[in-house]
Amino acid sequence: MIGRRRRGIAVWLLLLAWPGFVVVARAAPRTIAVAPDNTDIGFRLYLFGFVPLDGHFTRFVGSLTVDPADSGHCRVTVRVDTASLVMPNAEALKVALGADFLDAVDFPTLAYDGACRAIQGAPPRLEGVLMMRGRTGPLAFSLQPGGAAFEVSAVLHRAAWGMGAHPLLAGDTIRLRVTTRLLPSARDAAH
């Protein structure tokens, strides 16, 4: 019996040492649909510099590829229907969708394509290109650590994107936040 066990161990050691025989025990990258049922795309600006005003989009499509073993590896593509913006105040929504802000009539879609970039000594970042209001430019997001969700946030400077509506009232910046749940919720698992 002992001789058989030793032979079995020896066979496994030979296989592991054999050129080309590789055992990988890590999870492969996976791609997740980015959709309203598992993702929140929102923003916050501050009226008069301190009163928060939030909005979020309800129609968008995209994909997120993540590697569970490597937080520095991801790929994101998202297309948002600009007119799907929802805000708690009807007048604020009218301004936000208007020509001096998102300009939903002339630019019905905004898009983002990016990839994670590992930075030595710092958390990884999501770096990519935002296409909005007929302009294209770089936009980097900070990655928030977490196992159940992929969460990123960024600060967008309104003037760089031609958003001139109410600069004193709405401030110079917009804080963007996107959260995609990586694990199904209890509701999703039941279906």
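Residues numbered from 1 in each chain as written. Predicted model: local features only at pLDDT ≥ 70, side-chain atom pairs only at ≥ 80, totals over all residues. Heavy atoms only, no water.

Trainee: Can you walk me through the pattern of salt bridges in this structure?
Mentor: Close approach of charged atoms allows side chains of opposite charge to pair. For the coordinates displayed, the defined rule picks out 6 salt bridges. The salt bridge involving Arg44 is made with Asp54; its shortest N-O contact spans 2.6 Å. Taken together, the positions of Arg44 in strand E2 (residues 39-47) and Asp54 in strand E3 (residues 51-57) put the pair 10 residues apart, joining distant regions of the chain. For Arg44, a relative accessible area of 32% puts it in the partly exposed group. Three or more residues are tied together by salt bridges with common partners; here these are Arg117, Arg125 and Glu127. (Salt bridge = Lys/Arg side-chain N within 4 Å of Asp/Glu carboxyl O. Helix = DSSP H or I, 4+ residues; strand = E, 2+ residues; numbered from the N terminus. Buried < 20%, exposed > 50% of the residue type's maximum accessible area, 1.4 Å probe, protein only.)

Trainee: How do you make sense of unusual backbone geometry when you look at a structure like this?
Mentor: Peptide bonds are trans in most cases, and residues, glycine excluded, mostly fall at negative phi. In this model, Asp103 sits at a positive phi of 55 degrees, which is unusual for a non-glycine residue. Structurally, the position occupied by Asp103 is in the loop between helix H2 (90-97) and strand E7 (109-119). In this structure, Arg133 is a non-glycine residue whose phi angle is positive, near 55 degrees. Counting through the fold element by element, Arg133 comes out in the loop between strand E8 (122-132) and strand E9 (135-144). Since its relative accessible area comes to 13%, Arg133 is described here as buried.

Trainee: Can you help me understand the pairing of E8 in this one?
Mentor: Looking along a regular strand, one sees the side chains alternate between the two faces of the sheet. Across 8 bridges, E7 lies against E8 in antiparallel orientation. Considered in E8, the bridge of Asp113 is made with Val129. Here E7 hands over to E8 after 2 residues, with Gly121 in that stretch at a positive phi of 80 degrees. Where E8 lies against E9, 8 bridges are found, and the strand directions are antiparallel. Residue pairing across strands places Arg125 opposite Ser142, the latter belonging to E9. (Pairing = 2+ DSSP bridges.)

Trainee: What is the right way to read the packing of aromatic side chains from this model?
Mentor: Geometry of an aromatic ring pair is reported as the spacing of the ring centres plus the angle between the planes. Summed over the entire model, instances satisfying the criterion amount to 2 aromatic pairs. Centre to centre, the rings of Phe43 and Phe57 are 6.5 Å apart; their planes meet at 50 degrees, and the pair counts as tilted. Pair noted here: Phe43 is in strand E2 and Phe57 is in strand E3, with a separation of 14 residues, a long-range link. Each ring, one from Tyr112 and one from Phe141, has its centre 5.2 Å from the other, and the planes form 80 degrees; the classification is edge-to-face. Here Tyr112 is found in strand E7, whereas its partner Phe141 is found in strand E9, with 29 residues between them in sequence. An identical accessibility class is assigned to Tyr112 and Phe141; each is buried. (Phe/Tyr/Trp six-rings, centres within 6.5 Å; stacked < 30°, edge-to-face > 60°.)

Trainee: When you look at the layout of surface pockets in this model, what are you seeing that I'm missing?
Mentor: Over the atoms rolls a probe the size of a water molecule, and its path tells where empty space is left. Empty space within the second largest pocket amounts to approximately 190 Å³. Looking at the second largest pocket, it is lined by 14 residues, and the ones nearest its centre are Leu47, Leu53, Ala92, Val95 and Leu169. Among the secondary structure elements, those contributing two or more residues to the lining of the second largest pocket are E2, H2 and helix H3 (167-170). Among the elements that line the lining of the second largest pocket, the one with the most residues is H2, at 4 residues. Class assignment for the residues of the lining of the second largest pocket results in 11 nonpolar, 2 polar and 1 charged. (1 Å grid on protein atoms, 1.4 Å probe; cavity = no way out; pocket = protein on both sides within 12 Å on 5 of 7 lines; lining within 4 Å. Points joined across faces, edges and corners; volume = space filled by probe spheres on them. Nonpolar A, V, L, I, M, F, W, Y, C, P; charged D, E, K, R; others polar.)

Trainee: Looking at this model, I keep getting lost on the confidence of the model for the protein chain. Mind explaining?
Mentor: Parts of the model with low pLDDT should not have their predicted coordinates read in detail. For the protein chain, per-residue confidence averages 83 on the pLDDT scale, and residues scoring 70 or more make up 81% of the total. Overall, residues 7-25 carries pLDDT values under 50, and its contacts beyond four positions in sequence, including any with other chains, amount to 3 contacts. (pLDDT = per-residue confidence, 0-100. Contact = heavy atoms within 4.5 Å.)

Trainee: Hey, could you run me through the environment of Val155 in this one?
Mentor: One can find Val155 in strand E10 (residues 149-157). Separated by 22 residues in sequence, Val155 and Arg177 have C-alpha atoms that sit 9.0 Å apart. With residues near it in sequence (within four places) discarded, Val155 still touches Leu139, Thr173, Ile174 and Arg175.

Trainee: Explain empty space enclosed by the protein to me, please; I cannot follow it from the model alone.
Mentor: Within the structure shown, the criterion is met by 1 cavity of 30 Å³ or more. Contributions of two or more residues to the lining of the largest cavity are made by E2, strand E5 (70-81), E7, E8, E9, E10 and strand E11 (173-181). Ranked by the residues each element gives to the lining of the largest cavity, the list is headed by E11, at 5 residues. For the lining of the largest cavity, a count of residues per class yields 24 nonpolar, 2 polar and 1 charged.

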